[in-house]
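Notes for the structure review
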Number of protein chains: 2
Amino acid sequence: MVKNQFNSKYVACLMFSILLNLLLITNIYVGCKWTSLLSWSSTAAAEAEAVAAIGCSGHGRAYLDGLLGDENEPVCECNTCYTGPDCSQFISHCTADANSGDPLFLEPFWMQHPTSSALVVSGWHRMSYDYDDNTQISRRLESLIRKLHAFVGNAVTRNRYIVFGAGSTQIINAATYALSPENTSSLSPTRVLASVPYYSLYKVQPEYFNSERFKFEGDAYTWKNRSDAGPSTNVIEFVTSPNNPDGQLNKAIVGGPNVKTIYDRAYYWPHFTPIPAPADGDLMVFTLSKLTGHAGSRFGWAVVKDESVFNRMIRHMQINSMGVSRDTQLRAFKLLKAIQEEGTGIFDFAYRTMKTRWERLSATLSLSNRFSLQRFNPQYCSFYNEIRGFSPAYAWVKCEREEDKDCYAVLKAANIIGRPGNVFGSEDRYVRLSLVRNQDDFDILIHRLQKLVSEPRLFEG
Amino acid sequence: MVKNQFNSKYVACLMFSILLNLLLITNIYVGCKWTSLLSWSSTAAAEAEAVAAIGCSGHGRAYLDGLLGDENEPVCECNTCYTGPDCSQFISHCTADANSGDPLFLEPFWMQHPTSSALVVSGWHRMSYDYDDNTQISRRLESLIRKLHAFVGNAVTRNRYIVFGAGSTQIINAATYALSPENTSSLSPTRVLASVPYYSLYKVQPEYFNSERFKFEGDAYTWKNRSDAGPSTNVIEFVTSPNNPDGQLNKAIVGGPNVKTIYDRAYYWPHFTPIPAPADGDLMVFTLSKLTGHAGSRFGWAVVKDESVFNRMIRHMQINSMGVSRDTQLRAFKLLKAIQEEGTGIFDFAYRTMKTRWERLSATLSLSNRFSLQRFNPQYCSFYNEIRGFSPAYAWVKCEREEDKDCYAVLKAANIIGRPGNVFGSEDRYVRLSLVRNQDDFDILIHRLQKLVSEPRLFEG
């Protein structure tokens, strides 16, 4: 009996041990499946994950290439109104920054999808000037962009060429050069127009580059009504739709045989506007910045109908910077692939966020008559297959009081930085407030506006 | 006895099983040390390592963003004279490509250092337009560049500003704009000069951008000797040192109070030239392309003495592309950090490779009198602390026979593509042959040249 008991204990131990063997083997096979595969990338991966794990209290981030602290650890880079080593201290009197269109509202989306958007680059990735087909444009990325437009239904890309640039910034300049006749000796320069209020870059670039080929001429309406604006003059009209700053779905103003139109479609995504139909202009400009939020990556593209215009834009990119960094193209590729894998995910997230922000802003400003906002009529959106309101990237705020001629100064006095109307060729009774920045910036903006609209009017009561 | 035997077998099995458990636990702890750390990056890391493991017979590479084959695997992109699914088939009659300065000679260095140069990027890395200090220039990267110049001793950076661009291409344009007076109404345009033979971009850019602020005027020697070249005209002289195409340590030709000099120092690394002393020009241009071989990354920088010139270059970068892609800056940071960790490693590798190539080329061409090469006098190199010969990036080949007026055509007939002398403002009796391309391209070049120089002269004997 004793022996038998002893034996059965042995058997039990052995069974347990064998079971443990099996468990551990499974663990190695499943849990460590990468271990056997990973070699040169594991140190860098561990380093990137360690940096990403630095939380900065949700009010900042640490980066691989950020400044280092005393113990050689990357330090937290805090949002505008936060400070301290872990960004936990609120700066109560700080200025609400609603100036630039830094699209950080999309950052949480990427933090929620870390696996599909992670990128690992080998030291010898794409060292050459050219891709395999002797171009400076990644075919895989180009193909993803076409698929994306087809999925969203916001642009026709069939039988069109696609050219890449360092953000829409470089693309806009390339398009201006490409659409201006090269031989200027016998011609007056091409006039560059945009309808007020317009994105200031359309003015700043031609003035800066100071080419004999084109001159910025100002407002498209004014030009159209000028008696000397003959049909023989070459014209480039920028049509921004949705418009920056006011979010309206602008259309071309000027027409004629010598008029070329550049459609800036940076904001033509379900994030900001209903999509009534695919855009079909001869030259349309897009940017990663307002689609995925990666302004820092400097990646934009143009969809171009005419082959000779495309070739001239390619030449511009060659002479200006020899195409777009292959590192940037790889990053854009990875991000667009991640978007593709998530279906409508990023559009749902972006629309929800922007709609909520627009509603909060509208509700806040409606508490007084001091400020007004642009208005929109809901439209049919083919992407969501329903009538939808707008959720614009910027508020185009008008100071309604007679004495508030300088609306920027009015907001500045309330500790809010917007962008003055004159930057957009408009009156200073208008200010643009950016709604696409990070959540902290938006929350502080709303807080400051609430305070402002609840102030009793001076000289009143 | 039978029972005892049975028992001892049980015990042996149990002991073995326990031992196996211990081994497996150790394996999990040691072998899987990253498993417990890695989460979101492991899939991307495995994917990158799998692509890197595709060998392409040593005559090509597969890339993460390369085209896909039938089974959704990235396909091999073969070097010029190789083909087939694994790049193993030599194309015997292919053309030797010695045209562009694609610096793939450095690729093996990075393949030998995969761990230090690997980069892992999170989906939310640097989405903003700006770094934490509201600039578009990474302080960590800037600091690494200063350390690198101090280590190599090839440039003074103390009390100098550093501005980044998309390769030296964009930097050169930024410098030209920054050094030309803005108010052109009362002045004739700034004349842009370079001494023959010169890098063609100095001519192509001013002609293309067609600004009222500057005009390309051609050869610096010719300008200097012109009677109407008054000292009151504003001049920009490009001084390329070592020169592209001929590798000489050029000095400025034109002098005077209205002359600004842009020193193109792209090739001023121990790879290509002895370093007699740190360069100390007012405006010096460098590029990652000819230092690490990453031409595709499009990263260059200028070291600038004058604050107002620096500010104007920063403004140029802002208007042109809103700075350099943060992805590119991160990649450059990782690569320069890897260089730093390897001490003199990359310089030893690059010098050894270029010296061997130069010797092979010289030995080959010396077999006949048909071609001659540029000559160099060895100089003291402060980096290696010894007298050294040159190991230039390009051969500046002269066709010596009276009838060989078109040297490009002579080489073309022998199945070699160089770059004709006229591209450099020079005679077509000269051709530039690139020596910095991948080893396959160089080997085929030598092979074709050997055949050419061993040909009996037509009409001879």
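Residues numbered from 1 in each chain as written. Chains lettered and ligands numbered in written order. Predicted model: local features only at pLDDT ≥ 70, side-chain atom pairs only at ≥ 80, totals over all residues. Heavy atoms only, no water.

1. Digging into helix H7 (residues 201-209) of chain B
All names here are of chain B. For H7, the set of buried residues is Leu201, Tyr202, Gln205, Pro206, Tyr208 and Phe209. End-on view of H7: buried residues confined to an arc of 165 degrees, all on one side of the axis. Just downstream of H7 lies asparagine 210, where phi reads positive at about 55 degrees. (Buried < 20%, exposed > 50% of the residue type's maximum accessible area, 1.4 Å probe, protein only. Helix = DSSP H or I, 4+ residues; strand = E, 2+ residues; numbered from the N terminus. Arc of directions from axis to C-beta.)

2. Things to note about the sheet that holds strand E10 (residues 235-240) of chain B
All names here are of chain B. Ordered by their spatial adjacency, seven strands build an open sheet running E7-E13-E12-E11-E10-E8-E9, and the pairing between neighbours is mixed. Because the sheet does not close on itself, it has two edges, and the strands there are strand E7 (161-165) and strand E9 (214-219). Averaged over neighbouring strand pairs, the angle between their axes works out to 25 degrees when direction is ignored. Pairing of strand E12 (residues 283-287) with strand E13 (residues 300-304) involves five bridges; the strand directions are antiparallel. In the strand pairing of E13, leucine 283 is matched with valine 304. Here helix H6 (residues 167-179) sits on the sheet and contacts E7, strand E8 (190-194), E9, E10, strand E11 (259-264), E12 and E13; the angle it forms with E12, its principal contact strand, is near 165 degrees. (Pairing = 2+ DSSP bridges. Axes fitted to C-alpha atoms, helices over the stretch in contact; angles between N-to-C directions. Contact = heavy atoms within 4.5 Å.)

3. Re the relation of the copies chain A and chain B
Of the transformation placing chain A onto chain B, the axial shift is 0.3 Å and the rotation is 180 degrees, giving an RMSD of 1.1 Å. A rotation of that kind, with that shift, is consistent with a two-fold axis. The C-alpha atom lying nearest the rotation axis in chain A is that of valine 120 of chain A; the distance is 1.9 Å. The overlap is high: 100% of the interface residues of chain A also sit at the interface in chain B, so the same surface is used on both sides. (Least-squares fit on C-alpha atoms with pLDDT ≥ 70 in both.)

4. A look at the interface of chain A and chain B
Interface size is commonly expressed as the accessible surface area that is lost when the partners come together. Between chain A and chain B, the residue contacts involve 115 residues of the former and 115 residues of the latter. Summed over both sides, the interface between chain A and chain B buries roughly 10400 Å², with carbon and sulfur atoms accounting for 58% of that surface. Across the chain A-chain B interface, the total number found is twelve salt bridges. A salt bridge links arginine 331 of chain A to aspartate 327 of chain B; the nearest nitrogen and oxygen atoms lie 2.7 Å apart. Summed over the shared surface of chain A and chain B, the number is 62 residue pairs in polar contact (both at pLDDT 80 or more). Broken down by element, the residue count for the side of chain A that touches chain B peaks at 16 residues, all from helix H1 (residues 2-31) of chain A. Partitioned by chemical class, the residues of the side of chain A that touches chain B number 52 nonpolar, 40 polar and 23 charged. Both strand E6 (residues 119-121) of chain A and strand E6 (residues 119-121) of chain B contribute to a ladder of three bridges, which runs antiparallel. Residue leucine 119 of chain A lies in a different strand from E6 of chain B, and its bridge partner there is valine 121 of chain B. (Buried area = accessible area lost by both parts, 1.4 Å probe. Salt bridge = Lys/Arg side-chain N within 4 Å of Asp/Glu carboxyl O. Polar contact = N/O pair within 3.5 Å; in protein donor to acceptor, adjacent residues only side chain to side chain. Nonpolar A, V, L, I, M, F, W, Y, C, P; charged D, E, K, R; others polar.)

5. Brief notes about the environment of valine 121 of chain A
Topologically, valine 121 of chain A is positioned in strand E6. Here valine 121 of chain A falls in the buried class, since its relative accessible area comes to 4%. For valine 121 of chain A and aspartate 327 of chain A, which are 206 residues apart along the polypeptide, the C-alpha to C-alpha distance reads 8.6 Å. What valine 121 of chain A contacts, discounting residues up to four positions off in sequence, is Trp40 and Leu330 of chain A together with Ser117, Ala118, Leu119 and Arg331 of chain B.

6. Section: the domain arrangement of chain A
Residue and element names in this part refer to chain A. Domain parsing of chain A yields domain 1 (2-94), domain 2 (139-341) and domain 3 (345-459). Counting residues at the interface gives eleven residues for domain 1 and seven residues for domain 3. Summing both partners gives a buried area of about 550 Å² for domain 1 against domain 3, and 36% of it is carried by carbon and sulfur. For domain 1, the biggest contributors to the area lost against domain 3 are Asn79, Thr80 and Cys94; these three give 49% of the whole. (Domains from an automatic or database assignment.)

7. Description of the packing of aromatic side chains
All names here are of chain B. Applying the stated criterion across every chain, the model contains 61 aromatic pairs over all chains. For the ring pair phenylalanine 151 and phenylalanine 347, a centre distance of 6.5 Å and an interplane angle of 40 degrees mean the geometry is tilted. Taken together, the positions of phenylalanine 151 in helix H5 (residues 139-152) and phenylalanine 347 in helix H11 (residues 345-365) put the pair 196 residues apart, joining distant regions of the chain. A relative accessible area of 42% places phenylalanine 151 in the partly exposed class. Classification of phenylalanine 347 by relative accessible area gives buried; the value is 0%. (Phe/Tyr/Trp six-rings, centres within 6.5 Å; stacked < 30°, edge-to-face > 60°.)

8. Some points on the sheet that holds strand E19 (residues 419-420) of chain B
Residue and element names in this part refer to chain B. With antiparallel pairing, the four strands of this open sheet are ordered in space as E14-E17-E20-E19. A single partner strand is all that each edge strand has here, and the edge strands are strand E14 (371-372) and E19. Sheet topology places E14 next to strand E17 (residues 394-399); two bridges connect them, and they run antiparallel. In the sheet register, serine 372 faces E17, and the bridge partner there is lysine 398.

9. Observations regarding unusual backbone geometry
A negative phi holds for most residues other than glycine; trans holds for most peptide bonds. All names here are of chain B. With an omega of -5 degrees, the peptide bond between valine 196 and proline 197 qualifies as cis. You can see proline 197 is positioned in the loop between E8 and H7. For the bond running from serine 241 to proline 242, omega is 0 degrees, close enough to zero to count as cis. Inspection of the secondary structure assignment puts proline 242 in the loop between E10 and E11. At arginine 126, a position not held by glycine, the phi torsion is positive, near 45 degrees. Along the chain, arginine 126 falls in the loop between E6 and H5. Here arginine 298, not a glycine, exhibits a phi torsion of approximately 55 degrees, which is positive. Examined against the element boundaries, arginine 298 turns out to sit in the loop between E12 and E13.

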